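Here's the letter readout for the chains.
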Amino acid sequence: MATKSLDELTFNNRYTATLPADPSTEIRPREVRGASFSRVTPKTTAAPKIIGISPEMVAALELDTAVVDTDRFAAVMTGNEVLDGMDTYAACYGGHQFGNWAGQLGDGRAIALGEVETSSGEHYTLQLKGAGPTPYSRSADGLAVLRSSVREFLCSEAMHHLGVPTTRALSLALTGDQVLRDMFYNGNAAFESGAIVCRVAPSFVRFGNFELPSSRQDIDLLRATADHTIRTDFPHLGEPSPEVYAAWFGEIVDRTADMIVHWMRVGFVHGVMNTDNMSIHGLTIDYGPYGWLEDFDPNWTPNTTDAGRKRYRFGAQPAIAQWNLMQLANAIYPLIEKAEPLQAALDGYVERYQTGYQTMMANKLGLDRFDPEVDEDLMADLLNVLQLAETDMTIFYRNLADVDLAAGASADDRFAPLAEAYYVPEQLTTEVRSQIDAWLVRYADRVEASTLSADARVKLMNATNPKYVLRNYLAQLAIDKADAGDYAMITELLDVLRHPYDDQPGNETFAEKRPDWARTRPGCSMLSCSS
């Protein structure tokens, strides 16, 4: 396949060509009505410098690899240069935040550059996060800092390689500017290094793109947005009609359920599942105060803003996704004017999620199938066992494949591979060890009844349970080094996370459980929405 220079990229800006634009070019915070987007130009930065690249996204965009090492690429990926064919804009949308209607929100610190069309007909929207103010920035500056940008860049790509539906990241760049941030909203603002991530997705259309016009009873804009979305991203459903709108919503329901199953599989906690952070593509979007469930605690949330209510805790994510889908159903109801097809799709969420979750858990345990008569209790009891002592979720599941399940194995033999998953050895009392072993014995019996061979079981488990995830403390170590001018760990981490299911001899340190110093350190345990 021939590769391209920046000037050879083909931009097919269907979003701005099809949907109504804001007639004003004023950047000041304001209410925007009757428009899907506002045309804005990214803010010029002082000294753009690329410090992270996704080779896979460079290839997907058909770019010549030599291009990414040029000053011009850095200028484009920070908004300092707008290429011919780009049509830069910020989208207008609303949303429910922490369960409450928040009205107009919009791209407050994200500016889309345009849609790239590849030679194979794929479309990728490029979007700069942290590129400056827009009409939707409210009281903020529209900028991003290094710590949040490192986290988004690494997690976007890590999730992709884990097999989790996600937006992607092409590049991570320093701007050379200093940005004032109050990390925990506690009055301790400080200057931090500015940075920009170039995010990539088929589109960045969210539930909130439909909620806002519906809330304003702007049915023409609601219909235009839905019709554009179906024609460009769901063309297999046919020309828009009430029946197609219902089928489209059903597909969004299915995609969302599948995404949440993957989150639960790998222990990902989004942290801020507002409806404006939900993609209609069923992609993980907007990596803010996310976290990885290290100690298995279904009630854990990484978001300081949510620490009291824990609305977006790990264990609540399936229910929150369903609630968010209900808000989308309410928003598009005027297009269908029948509740029954929307309710049927919503009812289908439960079945889709439960079936997906059961299959996923059977795969995590290396079982040939989900047998409800046995496995429902086995899996429910496992979740209780994981909370008997502080247990590293990733290590436990990965090492479960190595447990000696032979009939003659001792309790110590069975437990040995799991020992490194526990954070506080003193919690492993005789009673706790007894309960863990009782479950392992039941698990061994269930494996014995499975039709899978021992090798097939281990292969299935190791393809489902990653060895490497973007642990919170690893991301923070990469941030600390980057703050000091050393960007090598960003690339090193990305390389490891590109193969999360492989053993990778020599990289075992990246699979170790959270060190004690990271237990309560900011950035490793809790983050704010500015993170």
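Residues numbered from 1 in each chain as written. Predicted model: local features only at pLDDT ≥ 70, side-chain atom pairs only at ≥ 80, totals over all residues. Heavy atoms only, no water.

Engineer: Looking at this structure, how should I read helix α15 (residues 472–483)?
Structural biologist: The α-helix winds at 3.6 residues per turn, so residues separated by three or four positions along the chain end up facing the same way. Its 12 residues give α15 an end-to-end C-alpha distance of 17 Å, which sits within 8% of 16 Å, the value for a rise of 1.5 Å per residue. Of the positions making up α15, those classed as buried are Asn472, Tyr473, Leu474, Ala475, Gln476, Ala478, Ile479 and Ala482. Where α15 is buried, its residues meet α4 (146–162), β12 (291–292) and α16 (488–497). Positioned one or two residues after α15, Gly485 has a phi angle of 95°, which is positive. (Helix = DSSP H or I, 4+ residues; strand = E, 2+ residues; numbered from the N terminus. Expected span 1.5 Å × (residues − 1). Buried < 20%, exposed > 50% of the residue type's maximum accessible area, 1.4 Å probe, protein only. Contact = heavy atoms within 4.5 Å.)

Engineer: Looking at this structure, I do not really get the pairing of strand β7 (residues 110–117). What am I missing?
Structural biologist: For a regular strand, side-chain orientation follows a simple rule: the groups alternate between the two sheet faces. Of all 8 residues in β7, 7 are buried, a share of seventy percent or more. Relative to β7, strand β1 (residues 10–11) is paired through 2 bridges, and the arrangement is antiparallel. By the bridge assignment, Thr10 is partnered in β7 with Glu117. (Pairing = 2+ DSSP bridges.)

Engineer: Can you help me understand the side chain of Lys129 in this one?
Structural biologist: Tracing the backbone through its elements, the reader meets Lys129 in strand β8 (residues 123–129). Separated by 2.8 Å, the side chains of Lys129 and Glu152 make a polar contact. Lys129 has contacts with Arg109, Ala110, Ala144, Glu152, Ala195, Ile196, Val197, Arg199 and Tyr287, leaving out every residue within four places of it along the chain. (Polar contact = N/O pair within 3.5 Å; in protein donor to acceptor, adjacent residues only side chain to side chain.)

Engineer: How should the state of the cysteines be read in this particular structure?
Structural biologist: Disulfide: a covalent bond formed between the sulfur atoms of two cysteine residues. Under the counting rule described, the total for this entry stands at 0 disulfides. With no disulfide of its own, Cys155 lies 14 Å from the sulfur of Cys524, the closest cysteine sulfur. Judged by relative accessible area, Cys155 falls into the buried class, the value being 0%. Note on Cys198: no disulfide assigned, nearest cysteine sulfur contributed by Cys155 at a separation of 17 Å. (Disulfide = S-S within 2.5 Å.)

Engineer: Would you mind going over the packing of helix α9 (residues 339–364) against helix α10 (residues 372–385) with me for this structure?
Structural biologist: The geometry of a pair of packed helices is captured by two quantities: the angle between their axes and the separation between those axes. Packing of α9 against α10 leaves a shortest axis separation of 11 Å and a crossing angle of 70°. In terms of orientation, α9 and α10 fall into the roughly perpendicular class. Where α9 abuts α10, its residues Tyr357, Gln358, Met361 and Ala362 lie against Met379, Leu382 and Leu383. Each residue belonging to the contact of α9 with α10 can be placed in one class, and the counts come to 6 nonpolar, 1 polar and no charged. (Axes fitted to C-alpha atoms, helices over the stretch in contact; angles between N-to-C directions. Parallel < 35°, antiparallel > 145°, perpendicular 65-115°, else oblique. Nonpolar A, V, L, I, M, F, W, Y, C, P; charged D, E, K, R; others polar.)

Engineer: I'm lost on the packing of aromatic side chains in this one. Help?
Structural biologist: Centre-to-centre distance and the angle between the planes together describe a pair of aromatic rings. By the definition in use, this model includes 18 aromatic pairs. When the ring of Trp263 is compared with that of Phe268, the centres are 5.4 Å apart and the planes differ by 65°; the resulting orientation is edge-to-face. Under the relative-accessibility criterion, Trp263 is labelled buried at 1%. Its relative accessible area of 0% is what places Phe268 among the buried residues. Among the aromatic side chains, those forming a connected cluster through ring pairs are Trp263, Phe268, Tyr287, Tyr290 and Trp292. One cation-aromatic arrangement involves Arg151 over Tyr290; the distance from NZ or CZ to the ring centre is 4.0 Å. Directly above the ring of Phe415 sits Arg433, whose terminal nitrogen or CZ lies 4.0 Å from the centroid. (Phe/Tyr/Trp six-rings, centres within 6.5 Å; stacked < 30°, edge-to-face > 60°. Lys NZ or Arg CZ within 6 Å of the ring centre and 35° of its normal.)

Engineer: It is not clear to me how empty space enclosed by the protein should be interpreted in this structure. Could you clarify?
Structural biologist: Rolled over the atoms, a probe sized like a water molecule indicates the empty space that remains. Under the defined criterion, the tally for this structure stands at 6 cavities of 30 Å³ or more. The calculated volume of the largest cavity comes to roughly 150 Å³. Taken together, 18 residues make up the lining of the largest cavity; nearest its centre are Tyr15, Tyr89, Ser203, Phe204 and Val205. Of all the secondary-structure elements, those providing two or more residues to the lining of the largest cavity are α1 (14–18), β4 (89–91), β7, β8 and α6 (219–233). Broken down by element, the residue count for the lining of the largest cavity peaks at 3 residues, all from α6. Across the lining of the largest cavity, the residue classes break down as 7 nonpolar, 6 polar and 5 charged. The calculated volume of the second largest cavity comes to roughly 70 Å³. Considering the residues around the second largest cavity, the lining is formed by Lys43, Thr44, Thr45, Gly130, Leu143, Ala144, Thr175, Asp177, Val179, Gly194 and Ala195. When contributions to the lining of the second largest cavity are tallied by element, the ones reaching two or more residues are β9 (168–181) and β10 (190–201). (1 Å grid on protein atoms, 1.4 Å probe; cavity = no way out; pocket = protein on both sides within 12 Å on 5 of 7 lines; lining within 4 Å. Points joined across faces, edges and corners; volume = space filled by probe spheres on them.)

Engineer: So what exactly am I meant to see when it comes to the side chain of Thr16 here?
Structural biologist: For Thr16, the location among the structural elements is in helix α1. On the accessibility criterion, Thr16 (8% relative accessible area) is buried. Looking at Thr16, its side chain comes within polar contact range of the main-chain oxygen of Asn13, at 3.4 Å. Within the structure, Thr16 has its side chain in polar contact with the side chain of Asp87 (distance 2.8 Å). Excluding its chain neighbours within four sequence positions, the residues that come into contact with Thr16 are Phe37, Arg39, Asp87 and Tyr89.

Engineer: In this structure, what is going on with the pairing of strand β6 (residues 100–104)? I would like to understand it.
Structural biologist: Relative to β6, strand β5 (residues 94–97) is paired through 3 bridges, and the arrangement is antiparallel. In the strand pairing of β6, His96 is matched with Trp101. Linking β5 to β6, which pair antiparallel, is a turn of 2 residues; within it Phe98 sits at a positive phi near 55°.

Engineer: What's the story with the packing of α6 against helix α8 (residues 317–336) in this structure? I'm lost.
Structural biologist: Viewed as axis vectors pointing N to C, α6 and α8 meet at an angle of 95°, and their least axial separation amounts to 10 Å. By the criterion of interaxial angle, the relationship of α6 to α8 is roughly perpendicular. Side by side, α6 and α8 meet where Ile219, Leu222, Arg223 and Ala226 of the first sit next to Ala331, Ile332, Pro334 and Leu335 of the second. Taken together, the residues of the contact of α6 with α8 break down into 7 nonpolar, no polar and 1 charged.

Engineer: Explanation requested: the nonpolar core in the structure shown.
Structural biologist: Generally speaking, nonpolar side chains in soluble globular proteins are found buried as a group. One finds Phe210, Phe249, Trp292, Leu365, Leu400, Leu470 and Ile490 to be the most contacted residues of the largest nonpolar core, which totals 127 residues. Per element, the largest residue contribution to this core is 14 residues, and it comes from helix α7 (residues 242–266). Counting residues in each nonpolar core, the second largest holds 32 residues, with Met77, Val116, Leu126 and Tyr136 among its members. (Core = buried A, V, L, I, M, F, W, Y, C linked by side-chain atoms within 4.5 Å.)

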